[in-house]
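# Structure at a glance
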Amino acid sequence: MHEAGDVWLIFRSTLRRKRMSLFWFALSVAAFHWLVAVSFPAIGGMEAVTSVVRTFPEGLRTLLKLAPNLQAGFGVQDYLAFTWIHPLFIGLGAAFVVSRASDGLTGEIERGSIYLVLSRPVQRWTFVLGKALEMTLGAGVVGLTAWIGLAVGVTALPYDLPLPNYLLAAAMAWLLFAALGGGAFLIASFFSRTSIGGALAIAWTLISFVLDVIPLIANSSLAWLNPWHHYFPQEIVATGRVDPFGVIVLLGWLLGGVGAAVWIFARRDLA
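First things first, this report covers the structure right here in the doc.

Reading the values: rules and limits
- Residues numbered from 1 in each chain as written.
- Predicted model: local features only at pLDDT ≥ 70, side-chain atom pairs only at ≥ 80, totals over all residues.
- Heavy atoms only, no water.
- Axes fitted to C-alpha atoms, helices over the stretch in contact; angles between N-to-C directions.
- Helix = DSSP H or I, 4+ residues; strand = E, 2+ residues; numbered from the N terminus.
- Parallel < 35°, antiparallel > 145°, perpendicular 65-115°, else oblique.
- Left-handed = near helix turned anticlockwise from the far one by under 90°.
- Contact = heavy atoms within 4.5 Å.
- Nonpolar A, V, L, I, M, F, W, Y, C, P; charged D, E, K, R; others polar.
- Patch = residues over 30% accessible without salt bridge, like charges linked within 9 Å, V, L, I, M, F, W, Y side chains within 5 Å.
- Areas by Shrake-Rupley, 256 points an atom, 1.4 Å probe, with all protein chains shown as cover.
- Salt bridge = Lys/Arg side-chain N within 4 Å of Asp/Glu carboxyl O.
- Buried < 20%, exposed > 50% of the residue type's maximum accessible area, 1.4 Å probe, protein only.
- 1 Å grid on protein atoms, 1.4 Å probe; cavity = no way out; pocket = protein on both sides within 12 Å on 5 of 7 lines; lining within 4 Å.
- Points joined across faces, edges and corners; volume = space filled by probe spheres on them.

## Description of the packing of helix H7 (residues 124–153) against helix H8 (residues 163–188)
The axes of two packed helices give the description: the angle between them and the distance between them. Relative to each other, H7 and H8 sit at 150 degrees, their axes nearing to 9 Å. As the angle between them shows, H7 and H8 are arranged roughly antiparallel. Every pair of crossing elements has a handedness; the one defined by H7 and H8 is right-handed. Contacts from Val 128, Lys 131, Ala 132, Met 135, Thr 136, Ala 139, Gly 140, Gly 143, Leu 144, Trp 147, Leu 150 and Ala 151 of H7 reach H8 at Leu 163, Tyr 166, Leu 167, Ala 170, Trp 174, Phe 177, Ala 178, Gly 181, Gly 182 and Phe 185. In the contact of H7 with H8, the residues fall into 16 nonpolar, 5 polar and 1 charged.

This is the structure:
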């Protein structure tokens, strides 16, 4: 029970210190999704969007995970689903979890603040878990506020849109960001300098994304290991379902990455 209390204490103290950062990340994604929704009529509606998307080459459609068949048009539902894979949204979400991982471990070592924390009867594993819990909750807040921004924005549109399906897409985005954060925590657990740990964590998110759009790798038998491989917001919005196997893989990255980070951080020299 004492260790669980330490995890909760570290989680609360981190959340309190980082609350403004979380607020601005959440506000940014909410404003983005709201703006995309309310600006749909201004860009010309469905005909204009469909005509633009038809000009995208097949490779770009794959990169953006758009539906390959546009014969039926690219309607407002698809247009809003695209925002969940938009570079701005996924960039903000990935930046949030990477910054939390690198600052939570390597940043604390670099500033020397971790030595004050560990001078008390606090186990290292509780320190890592408290930081990871704040990152995971924060990623959920980012996904939820993005959905809230979208839900508010679509009230201005004369369309009947499946908001629960978009909430499912937001939940899958949460799992994706948390999975990327698990990998970032694992990387950060090896280093004592934010510049190195953060750079490699950023590389991890970018390289894994690029690998998922390279056909030779994306279609291989090992593609399922990539967190990005299980993130298809347009399909989720269209069907109202998520892939259970994809959920398991993303949770595996979160739990496995954080678990490995706990093991490494507890045994390494922090000097």
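## Remarks on a nonpolar patch on the surface
On the surface, a nonpolar cluster with roughly 520 Å² of combined accessible area is contributed by Trp 34, Leu 35, Leu 144, Ile 148, Val 152 and Leu 167. Element by element, the count of residues in the nonpolar patch is highest for H7, at 3 residues. One can find Trp 34 in helix H1 (residues 2–38). Overall, Trp 34 belongs to the partly exposed group, its relative accessible area being 40%.

## Side note on the layout of surface pockets
In this structure, the largest pocket occupies an estimated 370 Å³ of space. In this structure, the largest pocket is lined by 16 residues; those nearest its centre are Ile 10, Ser 13, Val 117, Arg 120 and Phe 127. If you list the elements that add at least two residues to the lining of the largest pocket, you get H1, helix H5 (87–111), helix H6 (113–118) and H7. Sorting elements by how many residues they give to the lining of the largest pocket places H1 first, with 6 residues. Within the lining of the largest pocket, the residues separate by chemical class into 7 nonpolar, 3 polar and 6 charged.

## With respect to the pattern of salt bridges
Applying the stated rule across the entire model yields 6 salt bridges. In this structure, a network of salt bridges that share partners links the residues Arg 17, Lys 18, Asp 103, Glu 108, Arg 111 and Lys 131.

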